[in-house]
Amino acid sequence: MYLKSLEIQGFKSFPDRTLLQFGSDCTAIVGPNGSGKSNISDAISWVLGEQSTRALRGAKMEDVIFGGTEKRNQMGFAQVTLVIDNTEHIFPTREEAEVAVTRRYYRSGESEYYINKQSVRLKDVNELFMDTGMGREGYSIIGQGQIDKILSGKPEERRELFDEAAGIVKFKRRKATTIKKLQDEQGNLVRVTDILSELTRQLSPLERQSETARIYLAKRDTLRELDVNSFLLENEE
Ligand code: ATP
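Reading the values: rules and limits
Residues numbered from 1 in each chain as written. Predicted model: local features only at pLDDT ≥ 70, side-chain atom pairs only at ≥ 80, totals over all residues. Heavy atoms only, no water. Near = heavy atom within 4 Å. Polar contact = N/O pair within 3.5 Å; in protein donor to acceptor, adjacent residues only side chain to side chain. Nonpolar A, V, L, I, M, F, W, Y, C, P; charged D, E, K, R; others polar. Core = buried A, V, L, I, M, F, W, Y, C linked by side-chain atoms within 4.5 Å. Buried < 20%, exposed > 50% of the residue type's maximum accessible area, 1.4 Å probe, protein only. Helix = DSSP H or I, 4+ residues; strand = E, 2+ residues; numbered from the N terminus. Contact = heavy atoms within 4.5 Å. Salt bridge = Lys/Arg side-chain N within 4 Å of Asp/Glu carboxyl O. Pairing = 2+ DSSP bridges. Phe/Tyr/Trp six-rings, centres within 6.5 Å; stacked < 30°, edge-to-face > 60°. Lys NZ or Arg CZ within 6 Å of the ring centre and 35° of its normal.

### Observations concerning the site of the ligand
Around the ligand there are 15 residues in total, and G34, K37, S38, N39 and G67 lie nearest to it. In this structure, S35 approaches the ligand through a main-chain N or O atom, which is 3.1 Å from an oxygen atom. A distance of 3.0 Å separates an oxygen atom of the ligand from a polar atom in the backbone of G36. The residue makeup of the shell around the ligand, split by class, is three nonpolar, eight polar and four charged.

### Observations regarding the nonpolar core
Counting residues in each nonpolar core, the largest one holds 29 residues, and the members touching the most others are L6, F11, W46, V64, V80, L82 and F129. Those elements giving two or more residues to this core turn out to be β1 (3-9), α1 (37-47), β3 (77-85), β4 (98-106), β5 (111-115) and α2 (122-129). Ranked by residues supplied to this core, first place goes to α1 with five residues. The residues contacting F11, other than those within four sequence positions of it, are N39, D42, A43, W46, V64, F66, A78 and V80.

### Brief notes about the pattern of salt bridges
For the coordinates displayed, the defined rule picks out 17 salt bridges. Between D63 and K60 there is a salt bridge, with the nearest N and O atoms lying 3.2 Å from each other. Residue K172 is joined to D163 by a salt bridge in which the shortest nitrogen-to-oxygen separation is 2.6 Å. Overlapping salt bridges bring together K12, D42 and R57 as one network.

### A short note on the pairing of β1
Here six bridges tie β1 to β3, and the two strands are oriented antiparallel to one another. What sits directly across from Q9, in β3, is Q79. For β1 and strand β2 (residues 18-21), the ladder comprises four bridges, and the chain directions are antiparallel. Counterpart to I8 in the pairing with β2 is T18.

### A word on the environment of L122
Considering the arrangement of structural elements, one finds L122 in helix α2. L122 gets classed as partly exposed once you look at its relative accessible area, which sits at 23%. A sequence separation of 90 residues divides L122 from P32, and the C-alpha atoms of the two residues are 34 Å apart. With residues near it in sequence (within four places) discarded, L122 still touches G49, Q51 and Y113.

### Re the packing of aromatic side chains
What describes a pair of aromatic rings is the distance from one ring centre to the other and the angle between the planes of the rings. For the structure on display, the rule yields three aromatic pairs. Considering the side-chain rings of F11 and W46, the 5.2 Å spacing of their centres and the 45° angle between planes classify their relative orientation as tilted. Residue F11 is located in the loop between β1 and β2, and its partner W46 is located in helix α1; the two are separated by 35 residues in the primary sequence. The burial state of F11 is the same as that of W46; both residues are buried. Cation over ring: R104 sits above F77, and NZ or CZ is 5.9 Å from the ring centre.

Here it is as structure tokens:
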């Protein structure tokens, strides 16, 4: 995967619009301690949909917005756009030669996501990156100390990493959603069976009642006929 550029504005230590263009030969970003190198990888995780404030090294989501310095006021929102090359169709669902993903977050707590300038939901961003190894649970961003965590982590956590690399996460998620739907339907089926057995229980008394009603109606008609006849006879006499 080739990251073409990253545009950061109002995010952490980048108050001004900053455009980082990664040539195809860019392998590292260097700088003194505290100069904001990790903020760049935070910006990448963030634009990919990271929701954990801990993973973004903050206490609350608002901490990603430039908080101001002695000389500069704080900003009202943070915005990051990541442009990824798609000439080799690493995003099979997208036709475009490049895919730009944007995330914007306001101090009011409002979030916006865009794919190629079109407003989308977080779910769409997650789905876009699923199985590319770059998603929220991807393995493409490995922070300091994380290698240890991977090696000493639980087998299930390691499994997630391999699943993502094997490209089966999308199918596993679909399977989970389908199983959930199936369970819901099973619940509905139990309810329908309950109702059916209740109705079946009511069926034979209703059958008896309907037979009685039918006999009543027939007898009522006969009575009416006999009444008319007896009236006519009386009249004749
Ligand atoms: P190191 O080499 O020590 O890991 P680094 O180059 O990776 O450092 P970062 O950790 O990315 O640096 O950047 C830390 C700097 O970002 C700090 O100076 C911190 O004050 C600043 N910073 C983080 N969040 C904000 C914010 N919301 N507003 C303003 N500045 C911020």
